[in-house]
Amino acid sequence: MSTMSEQHSLVLPRDKKGKPLARIVLVNDPIKNKEFKYANNYVSTAKYSLLTFLPKNLFEQFSKVANLYFLFLAIIQLFPEVAVFPVFAELFPLSFVVLISMVKDALEDYKRHRSDRELNYKKVLVLRYKEFIKIPWSELLVGEIVKISNNDFIPADVLMLYSASENGGAYVETADLDGETNLKFKTVSMRTSFLTNEEKLSQFKATITSEPPDDNLHKFNGKVRIHNEPHSFSVSIEQLLLRGMKLRNCAYIYGVCIYCGHDTKLMMNAGGPRLKRTKLEKLTNTLIIYIFLLLLLLSLISSISRCVWEGGTGKKFLLFLSLKDKPKDSVLVVILGMFISIGLYNGLIPISLYVSVELIRLVQSWFIDSDLQLYCSETDTPGAARTTTLNEELGQVNYIFTDKTGTLTRNIMRFIKCSIKGVSYGHGETEASRAYKKRMRQEIGVAVPNIDFSDNKWADPNFLFADTILYKLVKDPSNEHVYRFFRLLALCHSVQIEWEKGNLVYAAQSPDEGALVSAARNFGFVFKSRKCGKVVIEVQGKEEEYVVLSTLEFSSERKRMSVIVRCPDNRIRLLTKGADNVILPLCVSDSQVLKETNAHLEQYATDGLRILTLAERVLAESEFNAWFERQQKATLELHDRTKYLEEINNKIEHNLELLGLTAIEDRLQEGVPDTIANLRKADLHVWVLTGDKQETAINIGFACQLLRNDQHIFVLSGNAKGRVLETIYGVQQQFEQLSEDCEKALVIDGVCLSCALEDNIKLELLEVAKACKAVICCRVTPLQKAMVVELVKENCDAITLAIGDGANDVSMIQAAHIGVGISGLEGRQAVLAADYSIAQFRFLERLLLVHGRLSYMRMSKFLRYFFYKNFAFTLVQFWYQIYTGWSGATIYDPWFVTLYNIVFTSMPVMAVAVFEKDTGTKYSLANPDIYCVGQGNLLFNKAMFFNYCFLLGFFHSILLFFLPFGAAADLVLPDGKMAGFNWFSALVSASLVIVVTCTLALDILGWTVVNHCVVWISLLSWFIFGWYIYSIPAFIPNTDFFGVMHATQGTLAFWATLVLTTWTCLFPVVLYKFARLVFNPTSVDILREQNYLKKNEENSSLKNKETRCKSFCAETSIVELL
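S.K.: Even after reading the chapter, I still don't get the overall build of the chain, so can you show me in this structure?
M.R.: A tally of regular secondary structure across the chain gives 38 helices and 33 strands. Considering only contacts in the chain between residues 6 or more positions apart, those separated by 24 or more positions represent 73%. Summed over its atoms, the accessible surface of the chain is roughly 50,900 Å², and 59% of this surface lies on carbon and sulfur atoms.

S.K.: Mind showing me how you'd approach the packing of helix 22 (residues 721–737) against helix 24 (residues 762–770) here?
M.R.: For any two helices packed against each other, the geometry comes down to the angle between their axes and how far apart the axes lie. Where helix 22 meets helix 24, the closest approach of the two axes is 10 Å, and the angle between their N-to-C directions is 30°. On the basis of their axis angle, the class for helix 22 and helix 24 is roughly parallel. The two elements helix 22 and helix 24 cross, and the hand of that crossing is left-handed. From helix 22, L725, I728, Y729, V731, Q732 and F735 reach across to helix 24, where they touch E764, L765, E767 and V768. Here the contact of helix 22 with helix 24 is composed, by residue class, of seven nonpolar, one polar and two charged.

S.K.: What is the right way to look at the nonpolar core in this model?
M.R.: Side chains of a nonpolar character, in soluble globular proteins, are inclined to be buried together. The biggest cluster of nonpolar side chains holds 94 residues, and the ones touching the most others in it are F862, F867, F871, Y892, F896, L992 and W1022. Every residue in contact with W1022, bar those within four places of it in the chain, is listed here: F896, F904, A986, S989, A990, V993, M1045, Q1049 and F1054. L127, I148, L217 and C260 belong to the second-largest nonpolar core, a separate cluster that totals 53 residues.

S.K.: Would you explain the pairing of strand 23 (residues 560–566) in this entry?
M.R.: Along any regular strand the residues' side chains alternate between the sheet's two faces. Here strand 23 lies mainly inside the structure; seven of its seven residues are buried. The two faces of strand 23 match: R560, S562, I564 and R566 on one face and M561, V563 and V565 on the other face are all buried. Bridge count between strand 22 (residues 542–552) and strand 23: five bridges; the pairing is antiparallel. Counted as the bridge partner of V548 is V565 from strand 23. In terms of strand pairing, strand 23 meets strand 24 (residues 572–578) through seven bridges, oriented antiparallel. Looking at strand 24, one finds that V563 is bridged to L575. What sits between strand 23 and strand 24 in their antiparallel hairpin is a turn of five residues, with N570 showing a positive phi close to 70°.

S.K.: Got a minute to help me understand the environment of S189 in this structure?
M.R.: Looking at the secondary structure, you find S189 in the loop between strand 7 (184–187) and helix 7 (198–203). Expressed as a C-alpha distance, the spacing of S189 and S234, which sit 45 residues apart in the sequence, is 8.7 Å. When near neighbours in sequence (up to four residues on either side) are disregarded, S189 contacts F233 and Q239.

S.K.: What should I look at first to understand empty space enclosed by the protein in this one?
M.R.: Applying the stated criterion across every chain, the model contains seven cavities of 30 Å³ or more. The computed volume of the largest cavity comes to approximately 240 Å³. In terms of lining, the largest cavity is formed by 20 residues, of which the most central are P93, N346, G347, V897 and N901. Mapped onto the lining of the largest cavity, the elements with two or more residues apiece are helix 5 (87–120), helix 28 (843–882) and helix 29 (894–904). For the lining of the largest cavity, the leading source of residues is helix 29, giving five residues. Partitioning the lining of the largest cavity into residue classes produces 13 nonpolar, six polar and one charged.

S.K.: Looking at this structure, how should I read the sheet that holds strand 2 (residues 123–128)?
M.R.: Strand pairing in a sheet takes place through backbone hydrogen bonds and is either antiparallel or parallel in direction. Across the sheet, which stays open at both edges, the six strands sit in the order 3-2-4-13-5-11 with antiparallel pairing between neighbours. Sheet topology places strand 3 (131–136) and strand 11 (240–241) at the edges, where each strand pairs with a single neighbour.

S.K.: Could you clarify how one ought to interpret the pairing of strand 29 (residues 744–748) in this entry?
M.R.: Across the five residues of strand 29, five count as buried, placing the element largely inside the fold. Of the two faces of strand 29, the one holding K744, L746 and I748 and the one holding A745 and V747 are both buried throughout. Examined bridge by bridge, strand 28 (residues 712–716) and strand 29 share five bridges and lie parallel to one another. For F714, the partnering residue across the bridge sits in strand 29 and is L746. Both strand 29 and strand 30 (residues 774–777) contribute to a ladder of four bridges, which runs parallel. Residue pairing in the sheet places L746 in a bridge with V775 of strand 30.

S.K.: What's the story with the packing of helix 4 (residues 65–76) against helix 10 (residues 330–344) in this structure? I'm lost.
M.R.: Interaxial distance between helix 4 and helix 10 falls to 10 Å at its minimum, and their mutual angle equals 120°. If you check the angle between helix 4 and helix 10, you find them oblique. In terms of crossing hand, the pair formed by helix 4 and helix 10 is left-handed. Of the residues in helix 10, those touching helix 4 at Y69, F72, L73 and I76 are F339, I342 and G343.

S.K.: Explain unusual backbone geometry here, please?
M.R.: Apart from glycine, the bulk of residues carry a negative phi angle, and the bulk of peptide bonds sit in the trans form. We note that K37 has phi near 60°; this positive angle belongs to a residue other than glycine. In this structure, K37 sits in the loop between helix 2 (30–35) and helix 3 (53–61). In this structure, N228 takes a positive phi of about 70° despite not being glycine. Secondary-structure assignment places N228 in the loop between strand 9 (222–226) and strand 10 (233–235).

S.K.: Quick question: what am I supposed to make of the pattern of salt bridges here?
M.R.: Pairing is possible between side chains that carry opposite charge, provided their charged atoms lie close to one another. Taken as a whole, this structure holds 53 salt bridges when the rule is applied. For the salt bridge of D214 with K265, the shortest nitrogen-to-oxygen distance reads 2.6 Å. Of the two residues, D214 is situated in the loop between strand 8 (206–210) and strand 9 and K265 in helix 8 (residues 265–268); the sequence distance between them amounts to 51 residues. You can call D214 buried: its relative accessible area is 18%. Between E480 and R484 there is a salt bridge, with the nearest N and O atoms lying 3.6 Å from each other. Here E480 and its partner R484 are both found in helix 14 (residues 480–491), four residues apart, which amounts to about one turn of the helix. Judged by relative accessible area, which is 45%, E480 ranks as partly exposed.

S.K.: How do you make sense of the side chain of R641 when you look at a structure like this?
M.R.: On the secondary structure map, R641 appears in helix 19 (residues 641–650). Only 3.4 Å separates the side chain of R641 from the side chain of N221, close enough to count as a polar contact.

S.K.: Where do I start with the sheet that holds strand 23 in this structure?
M.R.: Strand order in this open sheet of nine strands is 17-16-26-25-24-23-22-21-20, and the pairing throughout is antiparallel. Looking at which strands have only one partner, the edges of the open sheet turn out to be strand 17 (423–425) and strand 20 (525–531). Going across the sheet, the axis of each strand differs from the next one's by a mean of 30°, ignoring polarity. The strands touched by helix 18 (residues 621–635) within the sheet are strand 22, strand 23, strand 24 and strand 25 (610–619), with strand 22 carrying the most contacts at an inclination of about 45°.

S.K.: I'm lost on helix 21 (residues 694–703) in this one. Help?
M.R.: At 3.6 residues per turn, the α-helix brings residues three or four places apart onto the same side. With nine of its ten residues buried, helix 21 lies for the most part within the structure. Those residues of helix 21 that sit buried are Q694, T696, A697, I698, N699, I700, G701, F702 and A703. Phi turns positive one or two residues past the end of helix 21, at Q705, with a value near 65°.

S.K.: Sorry, what's going on with the side chain of R617 here?
M.R.: Relative to the elements of secondary structure, R617 occurs in strand 25. Given a relative accessible area of 11%, R617 falls into the buried group. Only 2.5 Å separates the side chain of R617 from the side chain of E623, close enough to count as a polar contact. At 2.9 Å, the side chain of R617 and the backbone oxygen of I652 are in polar contact. Excluding anything up to four places from it in sequence, R617 contacts I572, R573, L574, E623, I652, H654, N655 and L656.

S.K.: How should I be thinking about the packing of aromatic side chains in this particular structure?
M.R.: Describing an aromatic ring pair means giving the distance of the ring centres and the angle of the ring planes. One pass over the full model with this rule turns up 65 aromatic pairs. Directly above the ring of Y948 sits R864, whose terminal nitrogen or CZ lies 5.1 Å from the centroid.

S.K.: Please clarify how a nonpolar patch on the surface should be interpreted in this entry.
M.R.: On the surface, a cluster of nonpolar side chains totalling about 340 Å² of accessible area is made up of F72, V331, I335 and F339. Of all the elements, helix 10 adds the most residues to the nonpolar patch, at three residues.

S.K.: Is there a simple way to explain the confidence of the model for the chain in this structure?
M.R.: Detail in the predicted coordinates should be disregarded across regions flagged by low pLDDT. Residues with a pLDDT of 70 or more make up 90% of the chain, whose mean pLDDT is 85. Counting interchain partners and residues more than four positions distant, the pLDDT-below-50 stretch residues 1–8 has 14 contacts. Segment residues 1112–1122: pLDDT under 50, and zero contacts once partners within four positions in sequence are set aside and those in other chains are kept.

Here is what the cut-offs are and how they apply
Residues numbered from 1 in each chain as written. Predicted model: local features only at pLDDT ≥ 70, side-chain atom pairs only at ≥ 80, totals over all residues. Heavy atoms only, no water. Helix = DSSP H or I, 4+ residues; strand = E, 2+ residues; numbered from the N terminus. Contact = heavy atoms within 4.5 Å. Areas by Shrake-Rupley, 256 points an atom, 1.4 Å probe, with all protein chains shown as cover. Axes fitted to C-alpha atoms, helices over the stretch in contact; angles between N-to-C directions. Parallel < 35°, antiparallel > 145°, perpendicular 65-115°, else oblique. Left-handed = near helix turned anticlockwise from the far one by under 90°. Nonpolar A, V, L, I, M, F, W, Y, C, P; charged D, E, K, R; others polar. Core = buried A, V, L, I, M, F, W, Y, C linked by side-chain atoms within 4.5 Å. Buried < 20%, exposed > 50% of the residue type's maximum accessible area, 1.4 Å probe, protein only. Pairing = 2+ DSSP bridges. 1 Å grid on protein atoms, 1.4 Å probe; cavity = no way out; pocket = protein on both sides within 12 Å on 5 of 7 lines; lining within 4 Å. Points joined across faces, edges and corners; volume = space filled by probe spheres on them. Salt bridge = Lys/Arg side-chain N within 4 Å of Asp/Glu carboxyl O. Polar contact = N/O pair within 3.5 Å; in protein donor to acceptor, adjacent residues only side chain to side chain. Phe/Tyr/Trp six-rings, centres within 6.5 Å; stacked < 30°, edge-to-face > 60°. Lys NZ or Arg CZ within 6 Å of the ring centre and 35° of its normal. Patch = residues over 30% accessible without salt bridge, like charges linked within 9 Å, V, L, I, M, F, W, Y side chains within 5 Å. pLDDT = per-residue confidence, 0-100.

Next comes the structure, spelled out in structure tokens:
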């Protein structure tokens, strides 16, 4: 027996690095627990405080390479020897960008502070001084006992000791934790159920040993040893209430705090989202590097040219320089020239690019959030962009990986057929069976009337089953097989009972379980209660009580669930249900029964039904006791408990007697066939990853139009590496015999897939799969789903999208470039892990073909124009250096440099990035082939960057400099003065703003009121700002530009040169666009022209109708007059 002195001598076990291997909690002993230095319950998710915000945020801002680069340029301008612009010309844009980011960060952190404050100051009842008192959550300590009432949130990770509920457990809502809306049931260990009041709780002393804190929401292993008791007992996640859960349908519970504050599972899962970068973003970052190298090249050319000029032509001007101004060493001249030139050409790298991109993405995400066409009225669920960084990637998807159940189907299960001891019952037709019969040109059977369950007071009125023979057999007490079949359905499950207004309601963790228990209920096997380790069912009006001795939980690895019960006849039975490929090998039944059952299995799979296999076994008392003793020892393991339990469970789940099969229909969601058909037209490869049998998956594939009769369907199977590789080579040879136009589809069996995903085979598998338009993978585990996605993602230059609705799809969703979660009946875990969420699969069509395509098109135009206008702006400076002895003198006024990207040219490109539309929404959906533009990355790539951005900017910069230069040379103004530098500079600046704005205007396809306004405002902006800024001396660092607007705009030469320069720059652009439209139109160009001609025809037809109508009216009037 342990004593108090022994408890105080406990130390935490640690590994070699000092990391704790376990957590020891002493109940009602907070002083000792403090010695372990566990985290308190105070939480803080904020990044900054009032004191740390400014230094910490500034450090983060200037940790970005772009900001640091522009800060470096601003610092350079402080030194007169290398300064090109006044410091404000560099600092103003940088400050603007940094300030916007700081304000955004401050607002976000303020929200975090407010949320933290609300949580930390919530009240909880804690047992102190032998009574419960209210304290803030933040003051709660590890080892303290708390009382949590109905509808209260759980303040920490609490091990439940006692529940006031009759069933000895409690329901919890986990929506704030994992997003799931259905209630979950937590149980109390029988060893602590005596702690019913404050007195017993105050005297309760125990040592709880558990795993150290981790982020796994579904796992907790621990053991409890009550003081003065010799043996420990195990506790698991079934007894642990996690912070963030909400207590429901229970008056109150008592529990002890195990993990507090940042050690809770909720807080350990509160890390930021994984950063995903789009294909365009990666390309942009690469192009920025190229631009920087170009900047260095131009700077090197300028600095060397300066050195050469000063060594030659510059010597003629030495008489006019003081000794200190005379050039020194040539190397020094080149180095200083480099710094000067970098400052002069820094406009090549756009400072506002990244901020602009973030704003554009934010607006595009808002469009997705507010799109009523993505709203599902049935579930009151809108579409949502859970990230703002991947919008344009939606327009470039090549591969779609989708789950079946709940994603393509409704996840509303209907018990439609069953097989009991080799006899099949049920005559219902499914969508898959109808599609199969249509494909095989078979007649669809006549509908059979459903069973009338009105004589069963517990029957669910929504339950339908078409086979009266089975209903008669159920009522026959001598039919043992049917009795055992439905008894297993009523006992082997994790369903909980809720009573609503006197009605029996089942709360199931999965729709399958709910459908099976509901079927048993309608056939007279009613699950009525579960409490204190006992289950009561009512069989044809008579209650039967079963003692649950052990439950072997379902998992995606086990693919089965078992319960061991003591029956009313005192015999112990093992009841098992699970996947057929797992249960059938464990069965030892009559060969004829197995033969008939396998035939039904194939037929149900062909009908597209979800199949479970049922089996049972009678256990000897001695066998069970020996097994149970080993199992209890395994439950006390803190590490690898699941592994040990799996080994022990396998030793009792064998030699089973096969009872039969259940077949459940899960109907396709609305619009799935049309959606898949349209996505295929958009050249999207759709892969279905499902846990169903091969026959089920194939027929569902036909039902949803993933597979078609005109396709060549190939099946890969095999259970060994050599056999799989041989099959793959065989399929490749068949591919060679088919024409390239022939569509191919591939079906891969689960066992084959396991072998094919190994390193030496997976690339061969991928080559075969890439040649297919559709791929179906059967019997796939959640881990294999992720592996398949990773295989395509890592070995193909393609964008992948994964869509699913359940927790088993999370790994696949996170592995893909883009993850889409469906808010289905299996909760919201998939949504929480996804980048986008929708209510049904059919909304994926609009998300990709409309929002994705437009986002890609808009972002591509934005990037093209942004780089182009900066090239045109900066390269003019380069040409100017030829005539200034490469001195680093700037052609632009500092205010123009400051406002060029922020004011003069920003609004049109932002409007295009937000509102541009090349065709209507209905045309995008009706013509999915235009989506291929994004898949090929045709609108913005390295070639487009070189041709459109660099070459066009280079060409325009030459015209923008030399045409005004030629006009200004030797020009005499009306007042008799020569047109000087300020006149020339103003002309170049005005021409630049007009030319780059008009170039963008020529690229706009969807003109709106907003586009018109911003383009005209941009064209006039330079003149408006010029009249204002250049007329007030306070804005002018020197007097060169004072009154320049009066001097320039009052001369005909200025306007004539402005028109000539604009026309010369734009005419080749117009000519190129015309030639491309005529000789090499894109699919969008063709579609726009077709729509234009169609509208003209409709208008002409309407006018003809109006003319005929007027003529008819006129003739009628004449007749009436006569």
